[in-house]
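Observations on the three-dimensional arrangement
In case you want the letters, here they are:
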Amino acid sequence: MLRLQVLKSRTSYLPQKRLKSSSSFIRNTFINYFKDNHGHKHIKSSSVVPLCDPTVPFVNAGMNQFKGVFLGVVDAPCPRAVNSQKCIRVGGKHNDLELVGMDGHHHTFFEMLGNWSFGDYYKKEACEMAWNLLLGPYKLNPENLLVTYFEGDPIIGLPEDRECRDIWKDIGVQPSHIKAHGARDNFWEMGLTGPCGPCTEIHYIHPDGSLTEIWNIVFIQCNREADGSVSALRRQHVDTGMGLERMTALLQGVPSNYDTDLFRPLINVIEKNSKGVSPYTASYKNDATVDRAYRRLADHARMISVCLADGVFPSSSLNLKQIMRKSFKISSEVFQNPNLLSLLYNEMMTTLGGTYPELVAREKEAKLIIDHENDSYIKLRADLAKKWKDLVRMYPEVEELNDIDLAGFALGYTVFKKSMSKINSSIIPGELVFKLYDTHGFQEDVIERIAKVNNLGIDKKGFWKLLSNHKSRHKTAFKEQTTKTGIMFDKAIEKLNKNGIKKTNDQPKYDYTDLGDEVLFKPLKSKLLALLNEDGEWLDFSEPCEDKPYYIVTENSNFYCEEGGQIAEDGVIHFNRNLNFKVDSVFKIRDIIFHKGYFVDTDGDSYVKLGNSVVLEINSEKRLNVMLNHTGVHLLNAAIREVLPNSVICQTGSSVTDKYFTLNLSVYGEKLSYNVVIEAQDLIKDAIESNATVQTKVIDSTQLSSEPGVLTVPGETYPEVGIRLVTISPPLVSKELCCGTHAARIAAVRALCVMRVRGARSHAPALLALTGRRALQARELFCRAQKLAEVIELADPDRVKDEATSIRKELSELCGEGGAPYGEYATCLQLLANLEKKATNKNDLALQSIAQSEIMDACQDAVREGRRFTVHFLRCSYLMQSEAVRDTLGAGDQTLPTMLLGCAGGVVVATARVPQEMVTPTFTAEKWLSCVLPIFKATILPATSDRSLLTHAEMSATKVSLINCEQLVQDSMRVAIKYAQSHVKDTDDKEHSTQNRQHN
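It should be emphasised that the depicted structure is a prediction, and the values quoted were computed from it without experimental measurement.

A few words on the packing of helix α7 (residues 264-272) against helix α10 (residues 340-352). It is at 10 Å that the axes of α7 and α10 come closest, and there the two elements cross at 150 degrees. By the angle between their directions, the pair α7 and α10 is classed as roughly antiparallel. When you trace α7 past α10, the crossing you get is right-handed. Contacts from P265, L266, V269 and I270 of α7 reach α10 at L340, L343, L344, E347, M348 and T351. A per-class count over the contact of α7 with α10 returns eight nonpolar, one polar and one charged.

Structure (structure tokens):
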């Protein structure tokens, strides 16, 4: 496509602004021209996130939503279509991010006006319609227009498009205004793969001779394959694109897109709400940094606003997150107002809200996200500042990248430097580029800047290939293909493809019979198509052994492979009465399903060969539990949204097993709480009791626009055809695209219980929940805990502890690990802890009575024997709790100085008491107790309002080894006795401690 810059001067290209040349007029005129005059159907713009295309991060052309039509995968919604499509070019092949603000026409977000023919009209009609619109409603002078066409390309294998050239001549375009160009300018491709074809472009000639491309008409007749070859499409189509921003600048007679009514109102908002910054002067000089900031912020605000209005979440789109951070940086550092993005969103509602009403409908949600991301950015900058100095010290060149705001930048850059130091290359390998992108979150523009700073090139082809493979593989297949068997799997698939087998028919995985109180999964008869050994080698026949794994491919399969967060199935493939194959895992590679497992029950004479009839039988109990849990994901997702209507909630993922499920969310606004979870469970309970239905409808991508309110998982790619829309009927309505298996009736779920939540009050909580029988088991255990509480006063303490331990263990086995106990589970655990404490206290009350008697006896013995103090270790403390021991020690006889020690559960406590009349400057409770502190490495607890350290001192509880406890106690008693002997006034030099008595 010819790319010539709009001039950067302030000269107006047209004599004056045209009447009725507002951007809205230009857009509406285009749509109405094709709709009213040429029978086109107006198709509303799709979301900027491609639902069915993993090859591009955003919709980057008007034809993206019709890619499936061009490939012949889905039927066209109509023969002729027209629309204004929201497009974003950030990342991938078409990436204009770094050019934004440098000139007057590169943008991250733009609108593409387009008209399409799906196998209807072709070159002649397309050129005539375009020419008549430009000369008619838009009133352009044909002398100011130049057209280009495809001159052919021997590498692609396409000749010169003389048909197109002659059409323009017949229309009346002067030969001097018709130019031929090569594939670089006049062969259009959407990405590395996909629909493509020769194109013809219409350019506007400015008075100084420069050109502005205003319309591109693509004749889609080819498809670019993954290997780079170009093949012919079954049907020929027309795809045209006119950039609204460029056309608006042209018809409004202004020198750049930023001077149009699409951008100027945004720039005005920035001017009015900034501090200490000069007004916008539209300068494109190298030193015009402030004007460049105006343009970048205005552009980024458009892109961010449209993304948020379309339901894109920063948590699932690194591109969006990075551009939001760039915008916060410009807002704060250049314009001194960190809240500019919210103000610019208001202006976007004014300028584009009428055309794209979702901007108005999602205002509240968008601003919640903007505020959250702004707060996160402020914290990020504070954290990065600490790490940046160390990074610059190690790698001085990184100073040039100090505007990059990535939490993992320091670690990722260090990994990059260390990796490159180990290889002798001036090219960053594709594997390392992918690691920086996937593991450390480096976007392509960041990696390109890193390469530039280090004078390195980038293996982009290798990176894009790895990225494409990563997006198309599911987890199990990825693990299998990372082994040496990966190449063998590819060879096996190629062999199957040559035999006419392009995919495994796995639709039977959705087949079952619901009998109300029972669900039946009928075994599936099929045929063996491929048998691979543990090394992935193809076997035409084999006498299987039981101790080695095999991979089996059948014509059809009712086994579910790991997709949509749902666990893969297991089961059995029956060959005959004497030979069975136990399936342990199932995975998919390039639409072929592989069953991995081991042969069992071989009788020694059995052998298998391709073409054998087999019967596939899944694990019915596991499948049913998985179905209930997957339906539970949808119920919980819907219920939380219902309970938090003022929050923005995005599902970022889920994991469904036969035991439980997890639901990962991003929550902006009010966060999860105990009450939110309980209310959500109550809503689900009502839905279960109402026996709401679960309906699955199979649609294709072109039908989605007629299904409002459908939830998707951001970042997830869905197929063009065979999309499964799962709908749960009221009272708890849910509509989600989902490839998983589900219960037919909500009543089958029986119960749902949230057991654990990780990061409950955070922006990204993860909930773990049970359904069905396991949820009922959990509730039964909750009930047991309540019953135990009712009889706590009558129950034997040891029996209470045993029962509490049993309940806690069974609950732990039900839900495993991963997140803090929550909801009813957390309440139950707290109740059990309280019951155990009560039971312990009951034991302690009895022991305290024994201990008090022991202390009283020791003190009475000292008085009876004429000793003036007592030092005593409480033997029964070994059976007590530390707090109970402390309470007991504090109740000693106050008629003579007493030091008491105890050890409970390896924790030593000690108390010293001195009657007031025996306190001297050298003998107080504090000084006496201090003599034993070094032995235990303890401290004196502070005095309280009712306890003076002169008469009553307590040692801090100190953990000791039970092995050394006895020796430490003896040492401390010896020191305490010696100190007392030296400081207690005793007229009778008769003192003996009770120490020896403790050993008799």
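There is more to say, and it comes next.
Attention now goes to the sheet that holds strand β21 (residues 613-618). Pairing is antiparallel in the closed barrel, where six strands are placed in the order β14-β16-β19-β18-β17-β21. When strand polarity is set aside, the average angle formed by the axes of neighbouring strands in this sheet is 45 degrees. Note: strand β18 (residues 579-589) against strand β19 (residues 592-600), nine bridges, orientation antiparallel. Paired with S585 across the strands is K596, a residue of β19.

Right, let's talk about the nonpolar core for a bit. Ranked by size, the top nonpolar core spans 90 residues in total, and within it L134, W168, I202, I214, W215, M247 and M303 carry the most contacts. With eleven residues, the single largest contributor to this core is helix α8 (residues 289-309). Ignoring any residue separated from it by four or fewer positions in sequence, one finds W215 in contact with F30, F34, N115, A130, L133, L134, T200, E201, I202, T240, G241 and M242.

Further remarks concern unusual backbone geometry. Excluding glycine, most residues fall at negative phi; most peptide bonds, likewise, are trans. With an omega of 20 degrees, the peptide bond running from P730 to P731 counts as cis. Relative to the helices and strands, P731 resides in the loop between β25 (723-728) and β26 (734-737). Of note, the phi angle at A282 is positive, near 60 degrees, even though the residue is not glycine. As for its placement among the helices and strands, A282 is situated in the loop between α7 and α8.

Scanning the entire structure with this criterion turns up 33 aromatic pairs. With 5.7 Å between their ring centres and 65 degrees between their planes, W131 and W168 make a pair best called edge-to-face. You can see W131 sitting in helix α3 (residues 123-135) and its partner W168 sitting in helix α4 (residues 162-171), a full 37 residues away along the chain. Grouping residues by exposure puts W131 and W168 together as buried. Taking the centre distance of 5.6 Å and the plane angle of 55 degrees together, the rings of Y413 and F416 count as tilted. Of the two residues, Y413 and F416 are both situated in helix α13 (residues 409-421); the distance of three residues between them amounts to about one turn of the helix. Lying over the aromatic face of Y284, R295 brings its terminal NZ or CZ to 3.9 Å of the ring centre.

Confidence in the prediction for the protein averages 88 pLDDT; 93% of positions are at 70 or higher. Low pLDDT, under 50, characterises residues 1-19; the stretch is placed with 52 contacts to residues that sit more than four places away or in other chains. The low-confidence segment residues 986-1000, where pLDDT is below 50, has 28 contacts with residues more than four positions distant or belonging to other chains.

It is worth spelling out the packing of helix α1 (residues 23-38) against α3 at this point. Working note: a packed helix pair is described by the angle between its axes plus the distance between those axes. Following both chains from N to C, one finds α1 and α3 inclined at 125 degrees, their axes separated by 11 Å at the closest point. The angle between α1 and α3 falls in the class oblique. The interaxial crossing formed by α1 with α3 has right-handed handedness. Residues T29, F30, Y33, F34 and H38 of α1 pack against M129, N132 and L133 of α3. Partitioning the contact of α1 with α3 into residue classes produces five nonpolar, three polar and no charged.

Rules and cut-offs
Residues numbered from 1 in each chain as written. Predicted model: local features only at pLDDT ≥ 70, side-chain atom pairs only at ≥ 80, totals over all residues. Heavy atoms only, no water. Axes fitted to C-alpha atoms, helices over the stretch in contact; angles between N-to-C directions. Helix = DSSP H or I, 4+ residues; strand = E, 2+ residues; numbered from the N terminus. Parallel < 35°, antiparallel > 145°, perpendicular 65-115°, else oblique. Left-handed = near helix turned anticlockwise from the far one by under 90°. Contact = heavy atoms within 4.5 Å. Nonpolar A, V, L, I, M, F, W, Y, C, P; charged D, E, K, R; others polar. Pairing = 2+ DSSP bridges. Core = buried A, V, L, I, M, F, W, Y, C linked by side-chain atoms within 4.5 Å. Buried < 20%, exposed > 50% of the residue type's maximum accessible area, 1.4 Å probe, protein only. Phe/Tyr/Trp six-rings, centres within 6.5 Å; stacked < 30°, edge-to-face > 60°. Lys NZ or Arg CZ within 6 Å of the ring centre and 35° of its normal. pLDDT = per-residue confidence, 0-100.

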